[in-house]
Amino acid sequence: MTACTDTGATVPAASVVKAPAPVPDGRVHRPLDRSARVVVAGGSGLAGSAVRRELRHEGFTDVVAPGSAELDLRERRAVFDWFAARRPDVVVLAAARVGGIKANATRPAEFLSDNLRIQVNVLDAALEHGVERLLFLGSSCIYPKFAEQPIREEALLTGPLEPTNDAYAIAKIAGILHVQAVRRQYGLPWISAMPTNLYGPGDTFHPERSHVLPSLIRRFHEAKKSGARRVVNWGSGTPRREFLHADDLARACLHLIEHYDGDGPVNVGTGTDLTIRELAELVADVAGYRGSVEWDTKQPDGTPRKLLDVSRLTALGWAPRIGLREGITRTYAWYVENLESGTLRH
C-alpha cells in the first residue's frame, strides 16, 4: 500500500516512522540527538534566526538553514530536490511571507499564494523523505477576530477572521490542518505552534512591511534623530496586544519538539498584554524621544484584543524569560547598531 504525492512519487506506508504513543495530554519526553540534522526553513527571518541561535546554543551540530538565494520554497521541484540531497531528521517550518497591517490589507493574494506554496512544498517534501519530527510555526492571527479572551487553542475555526489579514490567516490555518492530516494518516509526531506578536533582533523595520513594534522603534528613532516634535501613529492606540521576544519563542520551539506530541496547536506567548498606546509610550521612552505622540483614528485598528491562553504550554514546564522593557531595549540597541553599520535588513 502506498500514499501518492503530487510529484508522482510514492511513499511506502510501511516506511513511515511511527511515533511513540504519547500520554493522554500530549506530553512526551524525547530529547533530540544533538547530532541530528535540523533544517530551519526560513532561517534568515526573525523567528528562524532565533531558532538557529537556540539550537546552536543547545549543542546541535548540524543545523541547516537555506537562504532564499539557495532555495526558493515556492518552487516545488526545487524543494523536493533539496530535501532529497539533504535528508533532514527534524524540520522547523518558520518560513513565511509576513508583513504588517498595511501589507496584509493591500496584498492579500500574495500572502495567500506564497504562504500556501511554501507550506505545501515543505510539508510534502518532509513527508516524502521520512522526516520524523516537524514543527510548523503558525500565527495568533488564525483565531477569530472576536474570540473570547484570553484565546484558547480550541477557538480555532469558531468565528470570522480579522479582514485586514484574513488571507494570511487562512494560509496558516491550512498549515495546521495539513500537519493534523499527516498525523492522522501517517502517525508522524508533527506538531504546530502559534506564536503571539514577535519582535527582536533580525526583525523587519521597513516603513510599509514591518509589524507594529519594529515600526514604532524606527519611527521614534527617526523622530529623535531629526528633532521632530510629534509622531503620528495609525489607529486609536486602544487595541491590546501581547508581545514575545523571538529568543523566547525559539526556546519554546525546542521545548515543544522535545516535550509535546499532540494533535492540537500550542499557543506561545507571555499571557500578558498592553494597549498599543502604552506600547508606543514604552518604545518612545526606550528610544529617548521626548516629543508628542498623536493618533490617526482614520486608520484601521485591527482586532480589538489578541491575548493568548498559554496554559497548555506552561503546563509542559516552559515560561518566558525576557520582559518587554528588557526585550525592547535590546532590540532597539540592535536596530541602532545595524542601522549605523549599514547591515539592517529591510
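Okay, so let's go over this structure. Everything numeric here is computed off the predicted structure, so don't read it as measured data.

**Details of the state of the cysteines**
This model, assessed by the stated rule, comprises 0 disulfides. The thiol sulfur of Cys141 is not disulfide-bonded, and the nearest other cysteine sulfur, from Cys253, lies at 16 Å.

**Considerations on unusual backbone geometry**
In this model, Gln149 is joined to Pro150 through a cis peptide bond whose omega is -10°. The phi dihedral of Arg87 is positive, around 50°, even though this residue is not glycine. Along the chain, the position of Arg87 falls in the loop between helix 2 (76-86) and strand 5 (90-93). Backbone geometry at Leu157 places phi at a positive 65°, although glycine is not the residue there. Examined against the element boundaries, Leu157 turns out to sit in the loop between strand 6 (133-137) and helix 5 (166-186).

**Some thoughts on the side chain of Glu258**
Relative to the helices and strands, Glu258 is located in helix 7 (residues 246-259). Its relative accessible area of 9% is what places Glu258 among the buried residues. A polar contact of 2.7 Å, which involves the side chain of Glu258, links it to the backbone nitrogen of Leu32. Excluding residues within four positions of it along the chain, Glu258 makes contact with Val28, His29, Arg30, Pro31, Leu32 and Arg34.

**Re the packing of aromatic side chains**
Taken as a whole and judged by the stated rule, the model has 5 aromatic pairs. Ring centres of Phe205 and Tyr335 lie 4.6 Å apart, and the angle between their planes is 35°; on these two criteria the pair is classed as tilted. Note that Phe205 is positioned in the loop between strand 8 (197-199) and helix 6 (212-226) and Tyr335 in helix 10 (residues 324-341), a separation of 130 residues in sequence. A relative accessible area of 1% means that Phe205 is categorised as buried. Note on Tyr335: relative accessible area 2%, which makes it buried. Each member of the aromatic cluster is reached from another via a ring pair, and the members are Phe205, Trp334 and Tyr335. Above the face of the Phe111 ring, Arg97 is positioned so that its terminal group lies 5.9 Å from the ring centre.

**Brief notes about the pattern of salt bridges**
Under the criterion given, the structure shown has 27 salt bridges. Salt-bridge contacts for Asp114 lead to Arg74; the nearest nitrogen and oxygen are separated by 3.5 Å. Pair noted here: Asp114 is in helix 4 (residues 108-128) and Arg74 is in the loop between strand 4 (62-64) and helix 2, with a separation of 40 residues, a long-range link. Salt-bridge contacts for Arg330 lead to Glu326; the nearest nitrogen and oxygen are separated by 2.9 Å. Here the residue Arg330 and the residue Glu326 both occupy positions in helix 10, the gap between them amounting to 4 residues, near one helical turn. The exposure class assigned to Arg330 is partly exposed, which follows from its relative accessible area of 37%.

**Digging into the sheet that holds strand 5**
Spatially, 6 strands are ordered 4-3-5-6-7-12 in an open sheet, and the strand pairing comes out parallel. Two strands bound the open sheet, and with one partner strand each, they are strand 4 and strand 12 (266-268). Ignoring which end each strand starts from, the neighbouring axes of this sheet average 20° apart. As paired strands, strand 7 (residues 191-195) and strand 12 are joined by 3 bridges and run parallel to one another. Within strand 12, the position partnered with Pro195 by the bridge is Val268. Running at roughly 160° to strand 3 (residues 37-41), helix 1 (residues 46-57) makes contact with strand 3, strand 4, strand 5 and strand 6 of the sheet.

**Concerning the sheet that holds strand 13 (residues 274-275)**
With respect to topology, 3 strands assemble into an open sheet ordered 13-10-15, the strand pairing being mixed. In this open sheet, the two strands that pair with only one neighbour each are strand 13 and strand 15 (305-306). When strand 10 (residues 240-241) meets strand 15, the two strands line up parallel, connected through 2 bridges. The residue bridging Arg240 from the neighbouring strand is Arg305, located in strand 15.

Rules behind the numbers
Residues numbered from 1 in each chain as written. Predicted model: local features only at pLDDT ≥ 70, side-chain atom pairs only at ≥ 80, totals over all residues. Heavy atoms only, no water. Disulfide = S-S within 2.5 Å. Helix = DSSP H or I, 4+ residues; strand = E, 2+ residues; numbered from the N terminus. Buried < 20%, exposed > 50% of the residue type's maximum accessible area, 1.4 Å probe, protein only. Polar contact = N/O pair within 3.5 Å; in protein donor to acceptor, adjacent residues only side chain to side chain. Contact = heavy atoms within 4.5 Å. Phe/Tyr/Trp six-rings, centres within 6.5 Å; stacked < 30°, edge-to-face > 60°. Lys NZ or Arg CZ within 6 Å of the ring centre and 35° of its normal. Salt bridge = Lys/Arg side-chain N within 4 Å of Asp/Glu carboxyl O. Pairing = 2+ DSSP bridges. Axes fitted to C-alpha atoms, helices over the stretch in contact; angles between N-to-C directions.

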